[in-house]
Amino acid sequence: MLRMVDLIQKKRDGQALTKRETTWMIDHYTQGEIPDYQMAAWAMAVYFQGMTMAETADLTMAMVASGQQIDLSSISGIKVDKHSTGGVGDKVTIILAPLVASFGVPVAKMSGRGLGHTGGTLDKLESIQGFQVEQTQQNFVDQVKDIGISVIGQSDELVKADKLLYALRDVTATVDIIPLIASSIMSKKIAAGSDAILLDVTVGSGAFMKNLEDARVLAQTMVDLGNAVGRQTVAVITDMRQPLGTTIGNRLEIAESLAILEGAGSPQLRQFIAELAQMLLQLGGVSKSLDEILAHLSNGAALEKFKQLVVAQGGDVTELLTTPEHQTAFSKVVLSQQSGYLTAFDALTAGHLAMRAGAGRATKSDVLDLDAGLRLFKKIGDQVVKGEPLFEIVYNHADFDADQAAAQMLAAVSISEEKIKLKEIVEIIK
Ligand code: URA
């Protein structure tokens, strides 16, 4: 007869739990038979002692088995999924998913909501009038069969153990533990049913992983977990020292995504998305050059797929395409106080600013202001002349202190004589 106190002690003393012990622990925790205080003690022991790869894999698969598993086998082709460990201004899924689907590779994607300084794809999609992210499993599968793409919210039935454990980790200072992050993310990806997975592991101030070494370990752990259970998995480590693209905020990011899908927008973001698309297509068994991929952004093919996605999930495409810019009650444009080259635009500060302006949630129950956020007029490497606009804060709440927020953002912006070049993709881990 296993006892949780013995497993905690074993982990505390630096030993690895067996598969039987890990599975027993997750089963009993999910069924409410192990109290939170014992799971919290185990998580803290993991913080200090770590976990072996075998233990991490056992934990992941025990978590997968704790809830529903999506069966995508009735959809023909290699189904691909993509996941980001979280970023600021990260609208990659909204562009990448239809772009990849426009080449006939089926994308069956479950996304999450934003919390804290990071945004969530679901919130962004919901800023499109009528767009429904809650779908039944049957609708999800049928839609991928019909149009080759679906992006929905994760079912509450999926990986029940992670829901409990994540909430517990959040309040016991045990979130930032690589094997627990890896098993949390990969259990959800494996349960969601796709055959191949592209992981975007962000690194930098705006990300979970603050340094490259940790990002590498997390990426490799997740890649090994995916491949070990027959899901072809590749990770890219991407730079999140500055926000991605030129907007942060839900409707602002939808508008920016539309611009990219129309072949416009920031050339850097377009190139980055094309590089990710090439990897995701490769995982889906389709080999394309970057030029061929970029052509789907300029010839309307990816945009058409995006429109199909919006229509299939109840969104109002006409409203979306005719009124991309919603006006907010207030706006503050901040000018550069010096000339030179931008060398820092801190993503974490920018993410917090956008959140406080109304674009994000400090707690899960906060209501979003879908129009609020931040526009960036300059990115790292750009030349800037004193008096030129650097960024703009847009918001609706009169009690938001835009002057103070602008001063904090300015303090996290650096301008110098030296031009630095920042590349979104830092490393690829296979
Ligand atoms: N995202 C997750 O889904 N789980 C973690 O543990 C951390 C980030």
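Residues numbered from 1 in each chain as written. Predicted model: local features only at pLDDT ≥ 70, side-chain atom pairs only at ≥ 80, totals over all residues. Heavy atoms only, no water.

A. Quick peek at the side chain of Lys-11. Along the polypeptide, Lys-11 turns up in helix α1 (residues 4–12). One polar contact links the side chain of Lys-11 to the main-chain carbonyl oxygen of Gln-15, over a distance of 3.3 Å. Here the side chain of Lys-11 touches Glu-55 through a polar contact of 3.0 Å, side chain to side chain. Discounting chain neighbours no more than four positions away, the residues touching Lys-11 are Ala-16, Leu-17, Trp-42, Ala-45, Val-46, Gln-49, Gly-50, Met-51 and Glu-55. (Helix = DSSP H or I, 4+ residues; strand = E, 2+ residues; numbered from the N terminus. Polar contact = N/O pair within 3.5 Å; in protein donor to acceptor, adjacent residues only side chain to side chain. Contact = heavy atoms within 4.5 Å.)

B. Broad picture of the site of the ligand. Close contacts around the ligand come from Tyr-166, Arg-169, Ile-181, Ser-184, Ile-185, Lys-188 and Phe-208, and that covers them all. A distance of 2.9 Å is found between an oxygen atom of the ligand and a side-chain nitrogen or oxygen belonging to Arg-169. Measuring from a nitrogen atom of the ligand, one finds a side-chain N or O atom of Ser-184 at 2.6 Å. Relative to its unbound accessible area of 230 Å², the ligand is 89% covered by the protein chains. The set of elements that each furnish at least two residues to the shell around the ligand consists of α8 (160–170) and α9 (178–191). The class makeup of the residues in the shell around the ligand is four nonpolar, one polar and two charged. (Near = heavy atom within 4 Å. Areas by Shrake-Rupley, 256 points an atom, 1.4 Å probe, with all protein chains shown as cover. Nonpolar A, V, L, I, M, F, W, Y, C, P; charged D, E, K, R; others polar.)

C. Structural detail: a nonpolar patch on the surface. Where nonpolar side chains cluster on the molecular surface, the patch consists of Met-44, Tyr-47 and Phe-48 and spans about 330 Å² of accessible area. Examined against the element boundaries, Tyr-47 turns out to sit in helix α3 (residues 36–49). Judged by its relative accessible area of 41%, Tyr-47 is partly exposed. (Patch = residues over 30% accessible without salt bridge, like charges linked within 9 Å, V, L, I, M, F, W, Y side chains within 5 Å. Salt bridge = Lys/Arg side-chain N within 4 Å of Asp/Glu carboxyl O. Buried < 20%, exposed > 50% of the residue type's maximum accessible area, 1.4 Å probe, protein only.)

D. Region of interest: the sheet that holds strand β12 (residues 413–416). The strand order across the open sheet formed by three strands is β10-β8-β12, and the pairing between neighbours is antiparallel. Among the strands making up the open sheet, the edge pair consists of β10 (383–384) and β12. Note that strand β8 (residues 340–345) and β12 share four bridges and pair antiparallel. For Leu-342, the partnering residue across the bridge sits in β12 and is Ile-415. (Pairing = 2+ DSSP bridges.)

E. Structural context of the domain arrangement of the protein chain. Domain annotation for the protein chain reports domain 1 (4–64), domain 2 (80–321) and domain 3 (330–416). Between domain 1 and domain 2, the residue contacts involve 20 residues of the former and 24 residues of the latter. Summed over both sides, the interface between domain 1 and domain 2 buries roughly 1,800 Å², with carbon and sulfur atoms accounting for 85% of that surface. Its largest share of buried area at the contact with domain 2, domain 1 owes to Tyr-29, Met-53 and Met-63, together 29% of the area lost on that side. Taken together, the connections running from domain 1 to domain 2 amount to zero salt bridges. Every element with two or more residues in the side of domain 1 that touches domain 2 is listed here: α2 (19–30), α3 and α4 (53–64). Partitioned by chemical class, the residues of the side of domain 1 that touches domain 2 number 16 nonpolar, three polar and one charged. (Domains from an automatic or database assignment. Buried area = accessible area lost by both parts, 1.4 Å probe.)

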